[in-house]
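Listed here are the chains, written in short residue letters.
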Amino acid sequence: MPPKRTTVLFVDDDAGFLDVVQKLMQAFSEGSWDVLTAPAAAHALALLRDRKIDLLVIDVHMPVIDGLQFLGLLHRKYPNVVKVVLTGDATEQYRAACLSNGAELFLEKPVSQKGWQDLFNALDELLKFQPEEGFRGVLRRVGLQDVLQMECLARSSSVLEIVTEEFRGSVFVQDGQIIHAEVGEQSGEAAFNQLLSLSGGEFNHKPFSEPPARTISGSWEFLLMEAARKRDEAKDPVLDQTGADSGVSTAAQVEADQGDSPFAPPPPSPGVAAASAAELEAVSEPELVPALEAAPPQRPVQTRRPKIDEVLICSTQGDVLYEWQCADANARIRFLQFLSQKSWQLRQGLPIGQFQRLEIEGALNRVVTQLDPDRALFVRVSRTPVETSS
Amino acid sequence: MKEFLQQWVSGRARLPGVLACGVRFSDKTSFTQSWSPDFSVQNLDHAWRCASDAFQVLKINFFPSEYVRWVYEKAFLYCARREDGVCFGLFTANDPQSYDRAAIERLLAEFRALGGGA
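These numbers come from a predicted model, not from an experiment.

About the criteria used
Residues numbered from 1 in each chain as written. Chains lettered and ligands numbered in written order. Predicted model: local features only at pLDDT ≥ 70, side-chain atom pairs only at ≥ 80, totals over all residues. Heavy atoms only, no water. Helix = DSSP H or I, 4+ residues; strand = E, 2+ residues; numbered from the N terminus. Buried < 20%, exposed > 50% of the residue type's maximum accessible area, 1.4 Å probe, protein only. Contact = heavy atoms within 4.5 Å. Areas by Shrake-Rupley, 256 points an atom, 1.4 Å probe, with all protein chains shown as cover. Buried area = accessible area lost by both parts, 1.4 Å probe. Salt bridge = Lys/Arg side-chain N within 4 Å of Asp/Glu carboxyl O. Polar contact = N/O pair within 3.5 Å; in protein donor to acceptor, adjacent residues only side chain to side chain. Core = buried A, V, L, I, M, F, W, Y, C linked by side-chain atoms within 4.5 Å. Pairing = 2+ DSSP bridges. Axes fitted to C-alpha atoms, helices over the stretch in contact; angles between N-to-C directions. pLDDT = per-residue confidence, 0-100.

The next subject is the overall build of chain B. A tally of regular secondary structure across chain B gives three helices and five strands. The N-to-C order of helical and strand elements in chain B reads α-β-β-α-β-β-β-α. By residue count, 57% of the 118 residues in chain B fall in the buried class. Of the contacts made within chain B by residues no fewer than 6 positions apart, 50% connect residues no fewer than 24 positions apart. On chain B, roughly 4800 Å² of surface is accessible, and the fraction owed to carbon and sulfur atoms is 49%.

In this section: the interface of chain A and chain B. Counting from both sides, the interface comprises 46 residues of chain A and, opposite them, 37 residues of chain B. Summed over the three residues of chain A that lose the most area to chain B, namely Leu 346, Ile 352 and Glu 361 of chain A, the buried surface amounts to 17% of that side. Summed over the shared surface of chain A and chain B, the result is three salt bridges. Of the charged contacts, one joins Glu 359 of chain A and Arg 69 of chain B as a salt bridge, the two residues approaching to 2.8 Å between their closest N and O atoms. Summed over the shared surface of chain A and chain B, the number is 14 residue pairs in polar contact (both at pLDDT 80 or more). Of all the secondary structure elements, the ones that give two or more residues to the side of chain A that touches chain B are helix 4 (92–100), helix 10 (250–258), helix 12 (329–346), strand 13 (355–361) and strand 14 (365–371) of chain A.

Attention now moves to the pattern of salt bridges. Under the criterion given, the structure shown has 24 salt bridges over all chains. Each member of the salt-bridge network shares a partner with another, and the members are Lys 307, Asp 309, Glu 310, Arg 332 and Arg 380 of chain A.

Another aspect to go through is the nonpolar core. Within the largest apolar cluster, 40 residues are counted, with the highest numbers of intra-cluster contacts made by Phe 335 and Leu 346 of chain A together with Trp 70 and Phe 91 of chain B. Take this core: its biggest share by element is nine residues, from helix 2 (residues 41–60) of chain B. For Leu 346 of chain A, the contacting residues outside a window of four places in its chain are Ile 352 of chain A together with His 46, Ala 47, Cys 50, Ala 51, Trp 70, Tyr 72, Leu 77 and Phe 91 of chain B. Judged by nonpolar contacts, the second largest core, of 25 residues, contains Cys 21, Phe 31, Leu 90 and Ala 103 of chain B.

So, on to the sheet that holds strand 2 (residues 33–38) of chain A. Residues and elements named next belong to chain A. The sheet built from five strands is open, its strands ordered 2-1-3-4-5 with parallel pairing. Each having just a single partner strand, strand 2 and strand 5 (105–108) make up the two edges of the open sheet. Looking at each pair of strands side by side, their axes are set apart by 20 degrees on average, direction ignored. Contacts from helix 1 (residues 15–28) reach strand 1 (6–11), strand 2 and strand 4 (82–87) within the one sheet, and its direction differs from that of strand 2 by about 175 degrees. Of the strands in this sheet, strand 1, strand 2 and strand 3 (55–58) are in contact with helix 2 (residues 41–50), which crosses strand 2 at around 140 degrees.

Residues and elements named next belong to chain B. Across chain B, the average pLDDT comes to 91, with 97% of residues at or above 70. The secondary-structure element of chain B with the lowest mean pLDDT is helix 1 (residues 2–12), recorded at 91, while strand 4 (residues 75–81) shows the highest, at 97. Across the predicted assembly, pTM comes out at 0.59 and ipTM at 0.95.

Shown next as structure tokens:
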């Protein structure tokens, strides 16, 4: 079998640079790379459309189009293509922005023969990392939930017919609202949840027809989130037994099970997902959360009460499933995508297993992000000093 | 400063339960110590680079950054970054009984305060 060929596309407005890089990369790869070049963004987009590109190396300082915007656009449109930024000069902030917008590496343009060899080695090493299913969108299977979201977001009217070996059901969407679901003898939200919990089967997208009844009136966002939560609970009975009421609270469970700290009840919170976030806070920071059944007060002490400031839950495709007080969901999603990418790169060669979450600690606030196979969670919590008694 | 930080790492970071640790300097060089044969210096240097990238992205997102904990299935990676861009990281097993979290948090705070760090 012939060795796998790798296609690398360099995008730069400097024709001289492209000429040199093409010759050198082909030479260093001993012919195993197909090195394509594009002097402009439009040319690069045409090549990406027509060819399978494994690695894209772009100069972000290009005329006409802002390099960062171009990188972000490429990342949304081609999440599977590994992207590297190559530039002559950049500030730390710009470098961070590129990493945040999907670049896996940020390299400086070579100025010596050794520099060219180092560039090739870095790119070659990067190509050895096998893409895996994950948040960056490598696995972009369109499921029933995705189709429903698209129908609702587009304010469409349609009927989704779901067929499995045991069931046949339907979900009716009118003007972007889910108005009815039925499966077997069931109808309404119970039927909707059952249909969304199916792990297999087929669905057909049909033109809208009037349902036999209108059994659902809640917002589609809430319905989809609830369905996802119920599906998770069904998968993991431990969550039910411990009283955790959201599928996103697994981090707290892991910590509690490991005995990292005693499990403290969460404070009142604005919603289901937020309650889970409070659990995260309470579990990892036992010293900051007094036990509710503490002994009678002896003297006032200052503690910090966690307060949920922001919650975002999104799918692996980057669709928002739930958000609360999230001023810039796109920025959060970009961060989660970056995290997914970086956490995977970080563990290469180390016996540390799959990434679970990142806890970002500050004196007065805290951010917890958790990546699950089918969704990601972002929670920001502040700690308000309060006088309590010990 | 590099030499001073290397000495500090050598002298201070070998706490019970720490599998490996290292610093990544702002000139992109690293100093790494590993006490586990499964954690090679090469792979650890790569990990420090990734952790250092993450701090930059945290900064542009205005997230707090006293320290971060990366939670993996089998290990925790604790990291802190100083104002001068130097990052310090250390791995422990994902077993809270195997190390003293408070001692590690103190170590991270000490690292950030060293020689005028944040």
